[in-house]
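The primary structure of each chain is shown beneath.
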Amino acid sequence: MTTLGDYLTVSGILFAIGFSGVLLRRNVIIIFMALELMLNAANLSLVAFSRFRLGDDGLPNYNAQVLVFFVITVAAAEVAVGLAIIVALYRARRTTHVEDINSLKF
Amino acid sequence: MPAFLFWLFAGVMLIFGALVVVNRNPIASALSLVVCFLGLAALFMSLDAFFIGIIQVLVYAGAVMVLFLFIIMLLDLRAEERRTMNWVAFTGGFVVAFSLLVQILAVISRTQMAKQTFPPLASRQVDDVRNVGLLLFGHYNLPFQVIAVLILVATVGVIVLSKRQLR
């Protein structure tokens, strides 16, 4: 049988993969995809806890699933705005490489 | 769900999640992310969250990833050429990410709750769309309306950002 810890471990590993992607990659679009990985890792642990802590009626705790729904909605809006910013950035600077975008570098 | 299916989908998800970070070609990264999200949707369904699993496939694997692929093709990104890597930054980032992973795993291994299996459901019939909908339109009605406004603002923002010249 799978335990709660198995799901949390998988979620933690996925979060660490996304985090390393944000830190190690230099392409803005890849960094954005790694951010999505981190959001989804958090969703997985939320759903696992929703199934683990049953409500009084013996069904999963649906409050967590509503929160996951909100996270997915906000993430979709965030992707739309973020990609529009990346397109505007590419038009202005002709690059998606973060080391080429150094106007604020001291 | 049998245990081997859990490990199968978890393995597929983690391998393709790692490929997102490792791949040099952005299109290969995006396609790996689609497979990763499909594995994640299967894990959601193994937790009896069928509505969330369907939403995951429709919104993430469908809409969001199509948006990513469109932008990659619009910008005409090739596989990035090898640059001189900043080894100090690379090693530092790797150490930080790895220590985060060790920290998370240490906390999970020390939690008593994590060793328990999932309790059985009261009934085999899980009408989760109905239950999520009742909560969403009842108790969480105000956040739901706020989300609607947020999406409207995001739509307007995207149009403003995409205009050729910003005034």
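What you see is a predicted model; the values in this text were computed from it and never measured.

**A closer look at the overall build of chain B**
(1) Moving on: What chain B contains, in helices and strands, is six helices and zero strands.
(2) Moving on: Helices (α) and strands (β) of chain B occur, in sequence order from the N terminus, as α-α-α-α-α-α.
(3) Moving on: For 167 residues, the compact-globule formula gives about 15 Å, and the C-alpha radius of gyration of chain B, at 21 Å, lies well above that figure.
(4) Moving on: A principal-axis box enclosing the C-alpha atoms of chain B has dimensions of 55 × 40 × 25 Å.
(5) Moving on: Across the 167 residues that make up chain B, the buried fraction comes to 22%.
(6) Moving on: Long-range contacts, defined as pairs at least 24 residues apart, comprise 54% of the intrachain contacts of chain B with a sequence gap of at least 6.

**Here we look at the overall build of chain A**
(1) Moving on: Scanning chain A from terminus to terminus reveals three helices and zero strands.
(2) Moving on: Along the chain direction, N to C, the helices and strands of chain A fall in the order α-α-α.
(3) Moving on: Judged by the C-alpha coordinates and their principal axes, chain A covers about 55 × 25 × 25 Å.
(4) Moving on: Considering only residue pairs separated by 6 or more positions, chain A has 44% of its internal contacts joining residues 24 or more positions apart.

**Notes on the interface of chain A and chain B**
(1) Moving on: With 62 residues of chain A at the interface, the matching set in chain B holds 70 residues.
(2) Moving on: Ranked by residues supplied to the side of chain A that touches chain B, first place goes to helix 3 (residues 62–93) of chain A with 22 residues.
(3) Moving on: Per-class residue counts for the side of chain A that touches chain B are 42 nonpolar, 15 polar and five charged.

**Focus: the nonpolar core**
(1) Moving on: Among the nonpolar cores identified, the biggest contains 57 residues, and Met-33, Leu-44 and Val-47 of chain A together with Leu-43 of chain B are the most heavily contacted of them.
(2) Moving on: Those elements that place two or more of their residues in this core are helix 1 (4–24), helix 2 (28–52) and helix 3 of chain A together with helix 1 (3–22), helix 2 (26–46), helix 3 (50–75) and helix 4 (87–110) of chain B.
(3) Moving on: Top contributing element to this core by residue count: helix 2 of chain A, with 12 residues.
(4) Moving on: Here Leu-43 of chain B is in contact with Leu-44 of chain A together with Phe-9, Ala-10 and Met-13 of chain B, once residues within four sequence places are set aside.

**Concerning the domain arrangement of chain B**
(1) Moving on: One can read the domain layout of chain B as domain 1 (1–82), domain 2 (84–118) and domain 3 (127–167).
(2) Moving on: Distance from the C-alpha centre of domain 2 of chain B to the C-alpha centre of domain 3 of chain B: 33 Å.

**Notes on the environment of Val-12 of chain B**
Residue and element names in this part refer to chain B.
(1) Moving on: Tracing the chain through its elements places Val-12 in helix 1.
(2) Moving on: Assessed through the 17 C-beta atoms surrounding it within 10 Å, Val-12 is described here as partly exposed.
(3) Moving on: Between the C-alpha atom of Val-12 and that of Met-65, which follows or precedes it by 53 residues, the distance is 18 Å.

**A closer look at the confidence of the model for chain A**
The predicted coordinates should not be examined in detail at positions where pLDDT is low.
(1) Moving on: Per-residue pLDDT for chain A has a mean of 91; in total, 100% of the residues score no lower than 70.
(2) Moving on: Averaged pLDDT values over the elements of chain A bottom out at 92 in helix 3 of chain A and peak at 94 in helix 1 of chain A.

**Focus on the packing of helix 2 of chain A against helix 3 of chain A**
Residues and elements named next belong to chain A.
(1) Moving on: With their axes 10 Å apart at the nearest point, helix 2 and helix 3 run at an angle of 175° to one another. If you check the angle between helix 2 and helix 3, you find them roughly antiparallel. Residues Val-28, Ile-29, Phe-32, Glu-36, Leu-39, Asn-43, Leu-46, Val-47, Phe-49 and Ser-50 of helix 2 form the contact with helix 3, whose own contacting residues are Ala-64, Gln-65, Leu-67, Val-68, Val-71, Ala-75, Gly-82 and Ile-86.
(2) Moving on: Taken together, the residues that form the contact of helix 2 with helix 3 break down as 13 nonpolar, four polar and one charged.

**So, the packing of helix 1 of chain B against helix 2 of chain B**
Residues and elements named next belong to chain B.
(1) Moving on: Relative orientation of the contacting elements helix 1 and helix 2 amounts to 155°, with a least axis distance of 8 Å. Considering their axes alone, helix 1 and helix 2 lie roughly antiparallel with respect to each other. Every pair of crossing elements has a handedness; the one defined by helix 1 and helix 2 is left-handed. Across the interface between the two elements, Leu-5, Phe-6, Phe-9, Ala-10, Val-12, Met-13, Phe-16, Gly-17, Leu-19 and Val-20 from helix 1 touch Ser-29, Ser-32, Leu-33, Val-35, Cys-36, Gly-39, Leu-40, Ala-42, Leu-43 and Ser-46 from helix 2.
(2) Moving on: Tallied by class, residues from the contact of helix 1 with helix 2 come to 15 nonpolar, five polar and no charged.

**Some remarks on unusual backbone geometry**
(1) Moving on: In this structure, Arg-94 of chain A takes a positive phi of about 60° despite not being glycine.
(2) Moving on: Mapped onto the secondary structure, Arg-94 of chain A falls in the segment after helix 3.
(3) Moving on: Since 9 C-beta atoms lie within 10 Å of it, Arg-94 of chain A is described here as exposed.
(4) Moving on: Within the chain, Asp-48 of chain B stands out as a residue other than glycine whose phi angle is a positive 60°.
(5) Moving on: Within the element layout of this structure, Asp-48 of chain B appears in the loop between helix 2 and helix 3.

So, how was this worked out
Residues numbered from 1 in each chain as written. Chains lettered and ligands numbered in written order. Predicted model: local features only at pLDDT ≥ 70, side-chain atom pairs only at ≥ 80, totals over all residues. Helix = DSSP H or I, 4+ residues; strand = E, 2+ residues; numbered from the N terminus. Rg over C-alpha atoms; globule rule 2.2 N^0.38 Å. Buried ≥ 20, exposed ≤ 12 C-beta atoms within 10 Å, placed from the backbone. Contact = placed C-beta atoms within 7 Å. Nonpolar A, V, L, I, M, F, W, Y, C, P; charged D, E, K, R; others polar. Core = buried A, V, L, I, M, F, W, Y, C linked by C-beta atoms within 7 Å. Domains from an automatic or database assignment. pLDDT = per-residue confidence, 0-100. Axes fitted to C-alpha atoms, helices over the stretch in contact; angles between N-to-C directions. Parallel < 35°, antiparallel > 145°, perpendicular 65-115°, else oblique. Left-handed = near helix turned anticlockwise from the far one by under 90°.

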